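A look at the structure
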Amino acid sequence: MKKIAVLVVDGVEEVECLTTVDFMRRAGIDVTTVSVTGKKEIAGSHGITFCTDALWDEMDFDGFDGVVFPGGPGTHDLGAAKGTRALAEQFLTSGKLLAAICAAPGMLSETGLLKGKTATGYPGCKPGGKANWTENTTEVDGNLITGKGPGAAPYFALEIIGYLMGADVKAEIAASTQMPCN
């Protein structure tokens, strides 16, 4: 079974986080939501409170196939949390999946990690010169998957599913959730 960690902070964009988690779990992916705040209860950017599965300090990411960075107003705090950017680099350079949506691709690009990669993200959160930015809903560049923003969340999740589980499972989840498969 494929395993994915979704990193979460207060101020996370709920749609990007929870839609991605929901779609991946429907596809049979073992998803662990991980709080980097030191507490399991998370306050999303639109007043939705939810609990994560685990805390950052409890985690060993070695057995995971990928990591997801949702966006939202809390993205700066996600990037500033000890070890998160190093984890992104570890996954990307080792050939494991790195997925980021909305403001998160820009936050990761600021470090130079996405240099030369094709990516998309929320308008205004794309630093110049580090990545090849597009205005597409999603981008897949090798083991890097990026999404534009909240409205892209289902398509972003489907790209992750396709990458990990194949086109047939991606199409199955798209059909069962009434999403046109792109």
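Residues numbered from 1 in each chain as written. Predicted model: local features only at pLDDT ≥ 70, side-chain atom pairs only at ≥ 80, totals over all residues. Heavy atoms only, no water.

**So, the sheet that holds strand β5 (residues 54–55)**
In spatial order, the strands read β5-β2-β1-β6-β7-β11-β10; together these seven strands make up an open sheet with mixed pairing. The sheet is open, and its two borders are formed by β5 and β10 (138–141), each paired with just one other strand. Across four bridges, strand β6 (residues 66–69) lies against strand β7 (residues 97–101) in parallel orientation. Residue pairing for β7: V67 is matched across the bridge by L98. Along the sheet, helix α3 (residues 84–94) makes contact with β1 (3–8), β6, β7 and β11 (144–147), crossing β6 at roughly 135 degrees. Here helix α5 (residues 153–165) sits on the sheet in contact with β1, β6, β7, β10 and β11, set at roughly 175 degrees to β7. (Pairing = 2+ DSSP bridges. Helix = DSSP H or I, 4+ residues; strand = E, 2+ residues; numbered from the N terminus. Contact = heavy atoms within 4.5 Å. Axes fitted to C-alpha atoms, helices over the stretch in contact; angles between N-to-C directions.)

**Looking at the environment of M24**
Within the secondary structure, M24 is located in helix α1 (residues 14–26). With a relative accessible area of 0%, M24 lands in the buried category. In sequence terms M24 and I173 are 149 residues apart; their C-alpha atoms lie 8.8 Å from each other. Those residues in contact with M24, other than ones at most four positions away along the chain, are I4, V6, I29, V31, V68, I160 and I161. (Buried < 20%, exposed > 50% of the residue type's maximum accessible area, 1.4 Å probe, protein only.)

**Quick look at the pattern of salt bridges**
The full count for this structure, using the stated rule, is five salt bridges. Notably, a salt bridge pairs D53 with R25, separated by 2.8 Å at the nearest N-O pair. Of the two residues, D53 sits in the loop between β4 (49–51) and β5 while R25 sits in helix α1, which places them 28 residues apart along the sequence. E159 is paired through a salt bridge with K170; the nearest N and O atoms lie 3.4 Å apart. Of the two residues, E159 is situated in helix α5 and K170 in helix α6 (residues 167–176); the sequence distance between them amounts to 11 residues. (Salt bridge = Lys/Arg side-chain N within 4 Å of Asp/Glu carboxyl O.)

**Quick look at the packing of aromatic side chains**
Each aromatic ring pair is summarised here by two numbers: the centre-to-centre distance and the angle between the ring planes. Considering all chains together, one arrives at two aromatic pairs under this definition. Taking the centre distance of 5.2 Å and the plane angle of 45 degrees together, the rings of W56 and F61 count as tilted. The exposure class assigned to W56 is buried, which follows from its relative accessible area of 19%. Assessed through its relative accessible area of 8%, F61 is described here as buried. Look at F61 and F64: their rings are 5.8 Å apart centre to centre, the planes differ by 55 degrees, and that puts the pair in the tilted class. Through a chain of ring-to-ring contacts, three or more aromatic side chains come together here, namely W56, F61 and F64. (Phe/Tyr/Trp six-rings, centres within 6.5 Å; stacked < 30°, edge-to-face > 60°.)

These figures come from the coordinates and say nothing about function on their own.
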